[in-house]
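Fold and contact review
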Amino acid sequence: MQRLALTFLALPLVLRAAPGVSWCYDSQDPKCGPRYWKDLAKGCGGNNQSPINIDRRKVQRDRNLGDVLFDGYDQAPPGKWRLMNNGHTVVMRLEGVSASEHINITIGVLLEKYRALQFHFHWGNLEGNGSEHTIDGHQFPMELHLVHMNTKYKTFNEAKGHPNGLAVLGFLYKVSDVDNSNYNTIVAGLKNISRQGDFVDLASTFCLNNLLPSMAKLSKYYRYPGSLTTPDCAEVVLWTLFEEPIPISQSQLNAFVNTVHFPANGIGTSLAKMTNNFRPPQPLKNRKVYASRDATISCSAMPSVSLLLLPLLLVFQIVHFSGPS
Ligand SMILES: *[C@@H]1O[C@H](CO)[C@@H](O)[C@H](O)[C@H]1NC(C)=O
Ligand SMILES: *[C@@H]1O[C@H](CO)[C@@H](O)[C@H](O)[C@H]1NC(C)=O
Ligand SMILES: [Zn+2]
């Protein structure tokens with residue numbers, strides 16, 4: 001009996017300790033930053049992690065990679081969208097209403113259909129860029145992730161149990177001289193979601209197209225199998241990273257850096273601005289990155305590799321044939 005009572009007493013303490021071991025970015029607290037995620041979630045130490053650096057000398061052209069088919073991206077769906085500070089990023093939730101059923105993409109060799117659930121951002125700070133994917137080692141100011149779930153599955157968690165359960169469209173940003181007015185709603189909404197858990201329901205939805213480069217420029221992309229870029233880092237994502245960046249002004253970028261905050265880190269510490277909420281590139285390991293028909297590839301390295309191998313092969317043959325029999 002006494003032991004039972006003790007257990008009950010101990011339980012609330014254990015539960016309260018749990019939020020302390022959650023993951024974060026180095027800018028929030030280096031002790032729970034990306035290099036420790038694999039200790040918190042085994043999946044983050046896997047072989048197919050995201051993001052990655054896209055090395056244009058090593059990508060492989062795949063002419064079978066057709067255009068991503070967008071469905072409902074050109075309409076403002078009925079229902080409400082919710083812009084939220086989830087403590088790690090700014091996310092627009094499209095789910096929870098029938099609205100998102102109207103927004104789909106069809107991609108991959110199997111032409112599978114994926115439904116849009118949410119989109120969110122990764123950014124840097126006032127001095128540094130903050131994209132997750134890099135191209136030839138170059139990091140961009142910000143990155144947009146549009147998260148879609150394979151319509152074969154009923155829930156996000158069910159989709160997360162299957163390879164290709166999710167498809168994420170990634171877009172990079174470039175700094176432009178003028179504001180991108182298509183981002184006014186989101187940038188204005190940042191003021192309402194300064195703290196973790198804050199949200200604001202938009203008065204009306206808009207066409208997702210508006211956030212993207214023109215459709216004509218979306219035939220250039222890179223494709224590879226990867227993971228979620230936050231714990232649990234589930235390796236269930238078919239990634240599409242578009243080459244054409246989205247223009248956004250410096251002041252709009254600064255609004256992300258200056259307006260939203262990470263959750264308080266322990267008792268008595270003040271709120272830190274949400275900055276550098278990106279995971280660094282992960283090893284490609286045994287994967288290949290494929291380039292769509294129109295995507296830029298840099299072929300300079302390809303011939304030099306074979307030219308280097310050729311003499312080696314000749315030497316090998318000479319040694320082989322002149323060796324003792
Ligand atoms: C950051 O992004 C800007 C704009 O794309 C670019 O000019 C700059 O070289 C980038 N900086 C780094 C360190 O990659
Ligand atoms: C958002 O914040 C502004 C003030 O910055 C306020 O006027 C507006 O009512 C807020 N909107 C919502 C939906 O809470
Ligand atoms: Zn993301």
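Higher on the page you've got the structure.
With respect to the site of ligand 1
Around ligand 1, the neighbouring residues are N129, H138, Q139 and P141. In this structure, N129 approaches ligand 1 through a side-chain N or O atom, which is 2.4 Å from an oxygen atom. The separation between an oxygen atom of ligand 1 and a polar main-chain atom of Q139 is 3.4 Å. Within the complex, the protein chains bury 44% of what would otherwise be the 360 Å² of accessible surface of ligand 1.

Remarks on the coordination of the zinc ion (ligand 3)
Distances from the zinc ion (ligand 3) to its protein donors, H120 (NE2), H122 (NE2) and H145 (ND1), fall at 2.0 to 2.1 Å. Counting the intervening residues between successive donors of the zinc ion (ligand 3) yields the motif H-x1-H-x22-H. Here H145 lies in strand β10 (residues 142-150) and H122 lies in strand β7 (residues 112-123), a separation of 23 residues in the sequence.

So, helix α5 (residues 250-259)
Residues separated by three or four positions in an α-helix point in the same direction, a consequence of the helix having 3.6 residues per turn. If you check which residues of α5 are buried, you get Q252, L253, A255, F256, V257 and T259. In this structure, the buried residues of α5 make contact with β7, β10, β11 (166-176), α4 (184-189) and β15 (246-249).

Topic: the side chain of Q252
Locating Q252 in the fold gives a position in helix α5. A polar contact of 2.8 Å, which involves the side chain of Q252, links it to the backbone nitrogen of N180. Leaving out residues up to four positions away in the same chain, Q252 has contacts with D179, N180, Y183, N184 and V187.

A word on the side chain of N277
Take N277: it is sitting in the loop between α5 and β16 (290-291). A polar side-chain atom of N277 sits 3.0 Å from the main-chain carbonyl oxygen of H88. Among the polar contacts listed, one links the side chain of N277 to the backbone nitrogen of W123, at a separation of 2.8 Å. Apart from the residues within four sequence positions on either side, N277 is in contact with Y25, H88, T89, F121, H122, W123, E132 and F262.

Regarding the pattern of salt bridges
Within the structure shown, the criterion is met by 13 salt bridges. Salt-bridge contacts for E112 lead to K152; the nearest nitrogen and oxygen are separated by 2.9 Å. Taken together, the residues E112 in strand β7 and K152 in the loop between β10 and α3 (156-159) connect sequence positions 40 residues apart. What makes E112 buried here is its relative accessible area of 14%. K217 is the salt-bridge partner of E244, the closest N and O atoms lying 3.9 Å from each other. Separated by 27 residues along the polypeptide, E244 in the loop between β14 (237-242) and β15 and K217 in the loop between β12 (199-201) and β13 (221-226) bring together distant segments of the chain. Looking at K217, the relative accessible area reads 41%, which means it is partly exposed.

The rules we used
- Numbering of residues starts from 1 in each chain and follows the order in which that chain's sequence is written.
- Written order decides the labels, with chains lettered from A and ligands numbered from 1.
- Residues qualify for local features only when their pLDDT is at least 70, as the model is predicted, and side-chain atom pairs are given and counted only at 80 or more; totals for whole chains, interfaces and linings, by contrast, use all residues.
- Hydrogen atoms and water are omitted, and side-chain values are computed over all heavy atoms in the structure.
- Distances are taken per atom, and a residue is near a molecule or strand as soon as one of its heavy atoms is within 4 Å of it.
- N or O atoms within 3.5 Å of each other form a polar contact, as long as, within protein, one can give a hydrogen and the other can take it, and as long as residues adjacent in sequence are counted only when both atoms are side-chain atoms.
- Residue-level accessible areas treat just the shown protein chains as cover; the underlying method is Shrake-Rupley with a 1.4 Å probe.
- For Na, K and Ca the donor cut-off is 3.2 Å; for every other metal, N, O and S atoms count as donors within 2.8 Å. Water does not enter the count, which can leave sites looking incomplete.
- Numbering of helices and strands starts at the N terminus; helices are DSSP runs of H or I of at least 4 residues and strands are runs of E of at least 2.
- Only protein chains enter the accessibility calculation, which uses a 1.4 Å probe; a residue whose area is less than 20% of its type maximum is buried, one above 50% is exposed, and one in between is partly exposed.
- Here, residues are in contact when the closest pair of their heavy atoms is within 4.5 Å.
- Basic side-chain nitrogens of Lys or Arg form a salt bridge, by our definition, when they fall within 4 Å of a carboxyl oxygen of Asp or Glu.

Don't take any of this as a statement about function, it's just geometry.
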